[in-house]
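# Reading the structure
The lines below spell out each chain.
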Amino acid sequence: MTENTKFVCPVCRTRLIKEGGSMYCTGERRHCYDIASSGYVNLLPPGKKNNRKAGDDAEMLSCRRSFLSAGYYDKISDEAAAVALRTGRKISSFVDAGCGEGHHTVRIFKNLSENSPLGFAAGLDASKHGAAAGAKKAAVIDGNLNFAAANIFDMPIESSSVDAIFSLFAPVPDAEAARILTPRGLLVVCSSGSRHLWQMREVLYGEPRLSPPLDKVPLGFRLLSASSLSYEITVRGGEIKDLFTMTPFYYRSPREGRERLLSLPSLTTEISVEYKVYEKI
């Protein structure tokens, strides 16, 4: 039995069909991509030397899984689905571009599914560790939710085939979003607000700077709505390290600030998130 997908072959760009534990393209060469035991498919362009190291590493994803599983960021993905639904558009398919380990993808899928059935949904990330973790989460829910290791700036997805794209704390693939979205399709961008993790940043830097707003409208889109979400969380012990490790501050914090943060028994910090919903024009 074969099953059609909205995936395309990263080599010849023809549609992929699922047969058993593999995906085959419909081109003359019939390229084959095996589905891993965890459930994801590797659609990174073959022959790239840096594929093995693409995306977040296993340690970062482990910290992210641990932190997100505690529910501290559930409001963020729930609101991402809500702002899309508030447009009144019917969403029967979506892609989460830069999905990490899939926590937000699964929550968005569940929220959208409560409104109307989803015929296709996919989480794409350059990290094979992330795609594998997402696929394991998807295995325990009902519905057509797929995960693939893929380049979000050259997505292995058919043109004009999905109703919405979500980008949560990830680079926004403007051109690819315009290509794969259906006419009037939605691009939902979730980014850090100006005071996101402010108290953590105070510990790290002393006098942090406000984050600049994301004001640029992607080429080929128009802005439909802009909104924000703010609340506080308190993390303790090892949760502080997990949160810190999954942020960009992990790479660029001074040693003294890092030591101050990791020595704290608990940390209460602000969560500040901005949402922009764009429509393909």
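Our subject is the structure listed above.
These numbers were taken from a predicted model, which means no experiment stands behind them. (Residues numbered from 1 in each chain as written. Predicted model: local features only at pLDDT ≥ 70, side-chain atom pairs only at ≥ 80, totals over all residues. Heavy atoms only, no water.)

### A short note on the overall build of the chain
- Secondary structure summary: the chain contains 9 helices and 12 strands in total.
- Taking 281 residues into account, the globule formula puts the C-alpha radius of gyration at 19 Å, and the chain, at 19 Å, falls close to it.
- Each principal axis of the C-alpha distribution contributes one length, and for the chain these read about 60 × 40 × 30 Å.
- By the burial criterion, 51% of the 281 residues in the chain qualify as buried.
- Long-range pairs, those at least 24 residues apart, make up 70% of the contacts in the chain between residues at least 6 apart in sequence.
- Surface summary for the chain: the accessible area is close to 13200 Å², and the carbon and sulfur share equals 49%.
- Taking the average location of the 36 positive side-chain charges in the chain and that of its 31 negative ones, the two points are 4 Å from each other. (Helix = DSSP H or I, 4+ residues; strand = E, 2+ residues; numbered from the N terminus. Rg over C-alpha atoms; globule rule 2.2 N^0.38 Å. Buried < 20%, exposed > 50% of the residue type's maximum accessible area, 1.4 Å probe, protein only. Contact = heavy atoms within 4.5 Å. Areas by Shrake-Rupley, 256 points an atom, 1.4 Å probe, with all protein chains shown as cover. Lys, Arg positive; Asp, Glu negative; His and termini not counted. Charge placed at Lys NZ, Arg CZ, Asp CG, Glu CD.)

### Section: the nonpolar core
- Phe67, Tyr73, Ile76, Phe94, Phe166 and Met200 are the most contacted members of the largest nonpolar core, which totals 53 residues.
- Aside from chain neighbours lying at most four places away, what touches Phe67 is Tyr72, Tyr73, Ile233, Val235, Glu239, Asp242, Leu243 and Met246.
- Counting 27 residues, the second-largest nonpolar core is a separate cluster that includes Phe7, Cys9, Ala97 and Val162. (Core = buried A, V, L, I, M, F, W, Y, C linked by side-chain atoms within 4.5 Å.)

### Structural notes on the packing of helix H2 (residues 74-85) against helix H3 (residues 103-115)
- Look at H2 against H3: their axes get within 9 Å of each other, and the N-to-C directions meet at 40°. The angle between H2 and H3 falls in the class oblique. Seen along the crossing, H2 lies across H3 with a hand that is right-handed. Contacts from Asp74, Ile76, Ser77, Asp78, Ala80, Ala81 and Leu85 in H2 reach His103, His104, Arg107, Ile108, Asn111, Leu112 and Asn115 in H3.
- Among the residues forming the contact of H2 with H3, the class breakdown is 6 nonpolar, 5 polar and 3 charged. (Axes fitted to C-alpha atoms, helices over the stretch in contact; angles between N-to-C directions. Parallel < 35°, antiparallel > 145°, perpendicular 65-115°, else oblique. Left-handed = near helix turned anticlockwise from the far one by under 90°. Nonpolar A, V, L, I, M, F, W, Y, C, P; charged D, E, K, R; others polar.)

### A closer look at the packing of helix H7 (residues 238-245) against helix H9 (residues 255-262)
- It is at 9 Å that the axes of H7 and H9 come closest, and there the two elements cross at 140°. Of the possible angle classes, the one that applies to H7 and H9 is oblique. Along its contact with H7, which presents Ile240, Lys241 and Phe244, the element H9 presents Arg258, Leu261 and Leu262.

### Observations concerning the environment of Asp125
- The topology assignment puts Asp125 in strand E7 (residues 120-125).
- When sequence neighbours within four positions are dropped, the list of residues in contact with Asp125 reads Gly98, Cys99, Gly100, Ala148, Ala149 and Ala150.

### Notes on the environment of Tyr231
- One can find Tyr231 in strand E11 (residues 221-236).
- Non-local contacts of Tyr231, meaning those with residues more than four positions away in its chain, are made with Tyr72, Tyr73, Lys75, Ile76, Thr269, Glu270 and Ile271.
- From its side chain, Tyr231 meets the backbone oxygen of Tyr72 in a polar contact 2.7 Å long. (Polar contact = N/O pair within 3.5 Å; in protein donor to acceptor, adjacent residues only side chain to side chain.)

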